Amino acid sequence: MKKKLRMTAVDYGVLFFIAVIGLTEVVHLSSMIFHQKFHVTAGLLGLILAGLAVLCIAAVLCGRRFAWGKSSGAGVHKGTPKLYVVLIIGLILFQIIWNFYMHSPYVTGDITIETVQTILATDTVYEYNPMTGGLFEAGMPSRLMILVLPVLYSAVARWTGLPAQTVVYEWVSTIVLCLSYLVYAGWAGFLFPGDRKKQCRFLLLVVLLYQFGAYAPLSDGMRALQAGYTGESIRALVLLPYVLLCCVQKKWLQAVLGAMAEVCIVWTLYGLGYSVFVIFFTVLLFWVISAIGKRRKGGSVS
């Protein structure tokens, strides 16, 4: 009998983020079909996401238990090194402060802020060119119209009254950074179940790679600390490692949801995205390993 894999805190956290992207995509596409003004879209999206948040809070209060890895119990707390915990928390806090007060966003070739400001200023979505301010004469390409992050960022800026730069460069980048660490905490629990010391070492290594890799162009560290708001960064820091984690744990539904979220935030490989290839090659690898195992078993019996 196969053991049923539990939903973990990592699953709940990332799936909430994926749900936000998915619901925003649905509202965005409906607004494009019915030609709604952006303030109507933002209001409807706010009500839907507020309902989602209430449901999630209610689920937590009703007693759902979160597990950070595949195993739980006393063994999970075995040998937790305080020095590692202090270093991890200290570096993550420094990176959060960096995102809010010290960093210079990497904006080369990116027009996210311009797009958000255009949406807020014109009360329309993807009707005006953010670089020229004029209407798109031939319309915006459909492959770009489905991308939902600027709409989500614009809605958050409208709800909170915060400047677009504050929402995108500071708050979104920080949320993406924390989600990325949440995913790698899941990897730590998967790779070293029941051994908190090794889990802390693994997570500390990830934190250090982000911190010192921030100086390398297009590295994950640079994306995390200078461009965490872009679709490419969310894919690299959150979705791809989460999809791969789900695949090795055979949580196929969550993996597919991660792949669908990627399609909503970044256009790659004619809309397929990298996550689909991660799922495909993982399934292929499992099939090959299973076939080799059956062949060896058949050979030993004969």
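Residues numbered from 1 in each chain as written. Predicted model: local features only at pLDDT ≥ 70, side-chain atom pairs only at ≥ 80, totals over all residues. Heavy atoms only, no water.

Draft legend 1. Fine view of the overall build of the protein chain. Counting its secondary structure elements, the protein chain contains twelve helices and zero strands. When its helices and strands are written in sequence order, the protein chain yields α-α-α-α-α-α-α-α-α-α-α-α. Taking all 302 residues of the protein chain together, 43% fall into the buried category. Within the protein chain, residue pairs in contact and separated by at least 24 positions form 73% of the contacts whose partners lie at least 6 positions apart. As displayed, the protein chain has an accessible area near 16,600 Å², and 69% of this comes from carbon and sulfur atoms. (Helix = DSSP H or I, 4+ residues; strand = E, 2+ residues; numbered from the N terminus. Buried < 20%, exposed > 50% of the residue type's maximum accessible area, 1.4 Å probe, protein only. Contact = heavy atoms within 4.5 Å. Areas by Shrake-Rupley, 256 points an atom, 1.4 Å probe, with all protein chains shown as cover.)

Draft legend 2. Quick look at helix 6 (residues 149-160). Between the first and last C-alpha of helix 6 there are 17 Å, a value that for twelve residues agrees with the 16 Å anticipated at 1.5 Å per step. Among the residues of helix 6, those classed as buried are Leu149, Pro150, Val151, Leu152, Tyr153, Ser154, Ala155 and Ala157. Looking one or two places after helix 6, you find glycine 161, whose phi comes out positive at around 75°. (Expected span 1.5 Å × (residues − 1).)

Draft legend 3. Looking closely at the layout of surface pockets. Volume-wise, the largest pocket comes out at about 680 Å³. Around the largest pocket, the lining comprises 35 residues; the ones closest to its centre are Asp110, Ile111, Thr112, Leu147 and Glu232. Sorting the residues of the lining of the largest pocket by element identifies helix 4 (112-122), helix 6, helix 9 (220-226) and helix 10 (231-248) as the ones contributing at least two each. With four residues, the single largest contributor to the lining of the largest pocket is helix 4. (1 Å grid on protein atoms, 1.4 Å probe; cavity = no way out; pocket = protein on both sides within 12 Å on 5 of 7 lines; lining within 4 Å. Points joined across faces, edges and corners; volume = space filled by probe spheres on them.)

Draft legend 4. Inspection of a nonpolar patch on the surface at higher detail. Nonpolar side chains collect at one region of the surface, where Leu272, Val276, Phe277, Phe280, Phe281, Leu284, Trp287, Val288 and Ile292 lie side by side and expose about 840 Å² of accessible area between them. Of note, phenylalanine 280 is situated in helix 12 (residues 274-301). (Patch = residues over 30% accessible without salt bridge, like charges linked within 9 Å, V, L, I, M, F, W, Y side chains within 5 Å. Salt bridge = Lys/Arg side-chain N within 4 Å of Asp/Glu carboxyl O.)

Draft legend 5. Just the packing of aromatic side chains, in detail. The full count for this structure, using the stated rule, is eleven aromatic pairs. Taken together, Phe100, Tyr101 and Trp171 form an aromatic cluster joined through their ring pairs. Sitting over the ring of phenylalanine 286, lysine 250 keeps its end group 4.9 Å from the ring centre. (Phe/Tyr/Trp six-rings, centres within 6.5 Å; stacked < 30°, edge-to-face > 60°. Lys NZ or Arg CZ within 6 Å of the ring centre and 35° of its normal.)

Draft legend 6. A look at the pattern of salt bridges. Here the structure, examined in full by the defined rule, presents two salt bridges. One salt bridge connects lysine 251 with aspartate 11, and the closest N-O pair in it is separated by 2.6 Å. Of this pair, lysine 251 sits in the loop between helix 10 and helix 11 (252-265) while aspartate 11 sits in helix 1 (residues 9-34); the two residues are 240 residues apart in sequence, bridging distant segments of the chain. The exposure classification of lysine 251 matches that of aspartate 11, with both residues buried. Glutamate 262 is paired through a salt bridge with arginine 235; the nearest N and O atoms lie 3.4 Å apart. One end of the pair, glutamate 262, is in helix 11; the other, arginine 235, is in helix 10, and 27 residues separate them in sequence.

Draft legend 7. Structural context of the packing of helix 3 (residues 82-102) against helix 7 (residues 164-191). It is the contact of helix 3 with helix 7, at a shortest axis distance of 8 Å, that shows an interaxial angle of 155°. Taken together, the axes of helix 3 and helix 7 are roughly antiparallel relative to one another. Here the hand of the crossing between helix 3 and helix 7 comes out right-handed. Across the interface between the two elements, Ile92, Gln95, Ile96, Asn99 and Phe100 of helix 3 pack against Tyr169, Glu170, Trp171, Ser173, Thr174, Leu177, Cys178 and Tyr181 of helix 7. Of the residues that constitute the contact of helix 3 with helix 7, the class distribution is eight nonpolar, four polar and one charged. (Axes fitted to C-alpha atoms, helices over the stretch in contact; angles between N-to-C directions. Parallel < 35°, antiparallel > 145°, perpendicular 65-115°, else oblique. Left-handed = near helix turned anticlockwise from the far one by under 90°. Nonpolar A, V, L, I, M, F, W, Y, C, P; charged D, E, K, R; others polar.)

Draft legend 8. Expanded view of the environment of isoleucine 21. Looking at the element boundaries, isoleucine 21 is found in helix 1. As a C-alpha pair, isoleucine 21 and methionine 260 span 239 residues in sequence and 9.6 Å in three-dimensional space. Contact partners of isoleucine 21, with chain neighbours within four places excluded, come to Val148, Ala261, Cys264 and Ile265.

Draft legend 9. Structural view of the environment of phenylalanine 192. Within the element layout of this structure, phenylalanine 192 appears in the loop between helix 7 and helix 8 (196-212). For the pair phenylalanine 192 and phenylalanine 202, spaced ten residues apart in sequence, the C-alpha separation works out to 9.0 Å. Look past the residues within four positions of phenylalanine 192 in its chain and what remains in contact with it is Lys198, Gln199 and Phe202.

Draft legend 10. Representation of helix 10 in the model. Its 18 residues give helix 10 an end-to-end C-alpha distance of 24 Å, which sits within 8% of 26 Å, the value for a rise of 1.5 Å per residue. Leucine 239 marks where helix 10 bends most, by close to 35°; the proline proline 241 follows one to four residues later. Just downstream of helix 10 lies lysine 250, where phi reads positive at about 60°. (Bend = angle between axes of the 7 residues up to and from the residue.)

Draft legend 11. Molecular detail of the side chain of glutamate 25. Along the chain, glutamate 25 turns up in helix 1. Although buried, glutamate 25 forms no salt bridge, and the nearest oppositely charged side chain, arginine 235, lies 14 Å from it. Setting aside its immediate chain neighbours within four residues, glutamate 25 contacts Ile146, Val148 and Cys264. (Lys, Arg positive; Asp, Glu negative; His and termini not counted.)

Draft legend 12. Structural detail: the nonpolar core. Ranked by size, the top nonpolar core spans 71 residues in total, and within it Val14, Tyr153, Tyr181, Tyr210, Ile234, Tyr242 and Ile265 carry the most contacts. Here this core gets 14 residues from one element, more than from any other, and that element is helix 7. (Core = buried A, V, L, I, M, F, W, Y, C linked by side-chain atoms within 4.5 Å.)

The values are spatial; any link to function lies outside them.
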